[in-house]
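Examining the three-dimensional arrangement
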Amino acid sequence: MRLIVRERPEQAAQYIAAYIVKRINAFSPTTERPFVLGLPTGSSPLPIYQALIAAYTRGEISFQHVVTFNMDEYVGLPRDHPESYHSFMYNNFFRHINIDVKNVNLLDGNATSLTEECIAYEAKIKAVGGIELFLGGVGSDGHIAFNEPGSSLASRTRIKSLAHETIIANARFFNGDIDAVPRMALTVGVQTIMDAREVVIIATGVSKALAIQQAVEGGISHLCTLSALQLHSSSMVVVDEDATMELKMKTVRYFTGVERTILSKGMSSETPPSLTLATSNDGTWREPEDGELTPDI
Ligand SMILES: N[C@@H]1[C@@H](O)[C@H](O)[C@@H](COP(=O)(O)O)O[C@@H]1O
């Protein structure tokens with residue numbers, strides 16, 4: 001796991017947006033070989049979407065050959081409800097870029113059979129060759145997507161009851177009315193996220209500090225599903241300083257020291273070492289070879 005610390009939330013978001021732009025451009029996606037991107041909702045990813053829209057407007061990135069899969073969706077909330085994740089994604093991202101709506105995948109929380117919807121979603125991910133990069137946020141209880149504490153770390157897309165802490169946290173999107181927050185959601189599983197070739201997480205604000213502490217310094221535990229990323233070979237957590245509040249100073253210094261080492265080797269701070277060193281001559285992604293510098297130095 002790589003931990004990137006930036007002073008302010010918007011700097012953390014800028015870092016991730018620049019990273020995604022570079023990853024997609026280096027991949028050179030085509031119709032036959034699209035870039036498959038996993039996406040979250042929530043307030044923390046919003047500035048990432050704004051930065052990606054700005055990059056698109058400046059002509060630095062095209063989403064024409066990008067296929068997206070969203071992490072989760074509420075059960076029973078009408079698709080056109082302003083707080084459905086469908087509405088969130090179209091209003092805050094898809095409507096502002098050149099993505100083909102045929103390439104957008106979101107779980108249907110109103111499907112006749114929710115179980116079949118989940119099985120079909122996993123099949124669709126498999127059919128496009130798996131997810132290249134899964135972007136995610138984290139809940140204050142350490143959940144990733146809607147994989148609440150106690151979720152199996154081997155879980156796949158399924159129906160999930162929301163934890164009380166999540167219902168309270170998400171009431172802010174429903175005028176503070178706890179009763180208006182749906183009690184259930186469809187969510188990709190921890191294993192669905194772990195299957196992505198790369199996972200990038202944004203966590204900003206002091207409300208995420210405990211979750212970050214557990215995920216980075218604690219052991220792997222179903223009580224903090226984000227901690228499963230310790231087993232992923234290419235994961236990166238990007239935080240602002242407030243989200244580091246519960247980490248040991250030694251931990252923060254270790255990770256910022258790693259980044260300094262990378263920079264002193266002449267790499268751009270916005271360029272992941274794996275990108276610089278594990279990119280083939282034709283610009284396509286490849287597995288780093290033995291002994292080659294990877295993000296987990
Ligand atoms: N299902 C979503 C998660 O995917 C998201 O990470 C979390 C945090 O959201 P925020 O960034 O608004 O704190 O909210 C919801 O629970």
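Residues numbered from 1 in each chain as written. Predicted model: local features only at pLDDT ≥ 70, side-chain atom pairs only at ≥ 80, totals over all residues. Heavy atoms only, no water.

1. With respect to the confidence of the model for the chain
Mean pLDDT over the chain: 91, with 89% of residues reaching 70 or higher. Predicted confidence is poor over residues 271-297, with pLDDT under 50, and the contacts of this stretch with residues over four places away or in other chains come to 51 contacts. Here the prediction assigns the complex a pTM of 0.89, and the interface score ipTM is 0.96. (pLDDT = per-residue confidence, 0-100. Contact = heavy atoms within 4.5 Å.)

2. Description of the packing of helix α1 (residues 9-27) against helix α2 (residues 46-57)
In a packed pair of helices, the relevant descriptors are the angle between the two axes and the axis-to-axis distance. Put simply, α1 and α2 touch, their axes get as near as 8 Å, and they point 45 degrees apart. Our classification of the angle between α1 and α2 gives oblique. In this structure, α1 crosses over α2, and the sense of that crossing is right-handed. Residues A13, Q14, I16, A17, I20 and V21 of α1 form the contact with α2, whose own contacting residues are P47, I48, A51, L52 and A55. Of the residues that constitute the contact of α1 with α2, the class distribution is ten nonpolar, one polar and no charged. (Axes fitted to C-alpha atoms, helices over the stretch in contact; angles between N-to-C directions. Helix = DSSP H or I, 4+ residues; strand = E, 2+ residues; numbered from the N terminus. Parallel < 35°, antiparallel > 145°, perpendicular 65-115°, else oblique. Left-handed = near helix turned anticlockwise from the far one by under 90°. Nonpolar A, V, L, I, M, F, W, Y, C, P; charged D, E, K, R; others polar.)

3. A few points about the site of the ligand
Of all residues adjacent to the ligand, which total 15 residues, the nearest are S43, S44, D72, H143 and K208. In the model, an oxygen atom of the ligand is placed 2.4 Å from a nitrogen or oxygen of the S44 side chain. At 2.9 Å, a side-chain N or O of R172 approaches an oxygen atom of the ligand. Relative to its unbound accessible area of 390 Å², the ligand is 96% covered by the protein chains. Partitioned by chemical class, the residues of the shell around the ligand number five nonpolar, seven polar and three charged. (Near = heavy atom within 4 Å. Polar contact = N/O pair within 3.5 Å; in protein donor to acceptor, adjacent residues only side chain to side chain. Areas by Shrake-Rupley, 256 points an atom, 1.4 Å probe, with all protein chains shown as cover.)

4. A look at the packing of aromatic side chains
What the rule picks out here adds up to twelve aromatic pairs. Measuring from ring centre to ring centre gives 5.5 Å for F63 and F93, while their planes differ by 85 degrees; the resulting arrangement is edge-to-face. Taken as a pair, F63 in the loop between α2 and β3 (66-70) and F93 in the loop between α3 (85-92) and β5 (104-105) lie far apart in primary sequence, 30 residues in all. Taken together through their ring pairs, the aromatic side chains of Y49, F63, F88, Y90, F93 and F94 make up a single cluster. Of note, R33 hangs over the ring of F27, and the distance from its end group to the ring centre comes to 3.8 Å. (Phe/Tyr/Trp six-rings, centres within 6.5 Å; stacked < 30°, edge-to-face > 60°. Lys NZ or Arg CZ within 6 Å of the ring centre and 35° of its normal.)

5. Looking at the environment of I201
Among the structural elements, I201 can be located in strand β9 (residues 198-203). According to the relative accessible area criterion, I201 is buried, its value standing at 0%. Placed 63 residues apart in sequence, I201 and V138 show a C-alpha to C-alpha distance of 7.4 Å. Setting aside anything within four residues of it in sequence, one finds I201 in contact with I16, G136, G137, I144, L226, L229, M236, V237 and V238. (Buried < 20%, exposed > 50% of the residue type's maximum accessible area, 1.4 Å probe, protein only.)

6. Overview of the pairing of β3
Most of β3 sits out of view: five of its five residues are buried. Of the two faces of β3, both are covered, the one formed by V66, T68 and N70 as well as the one formed by V67 and F69. Where strand β2 (residues 35-39) meets β3, five bridges bridge the pair, whose relative direction is parallel. Of the residues in β3, the one forming a bridge with F35 is V66. Here two bridges tie β3 to β5, and the two strands are oriented parallel to one another. Directly across from F69, in β5, lies its bridge partner N105. (Pairing = 2+ DSSP bridges.)

7. Digging into α3
Buried residues of α3: Y85, H86, S87, F88 and M89, and no others. On the buried face of α3, the contacting elements are β2, α2, β3, β4 (72-74) and α5 (164-170).

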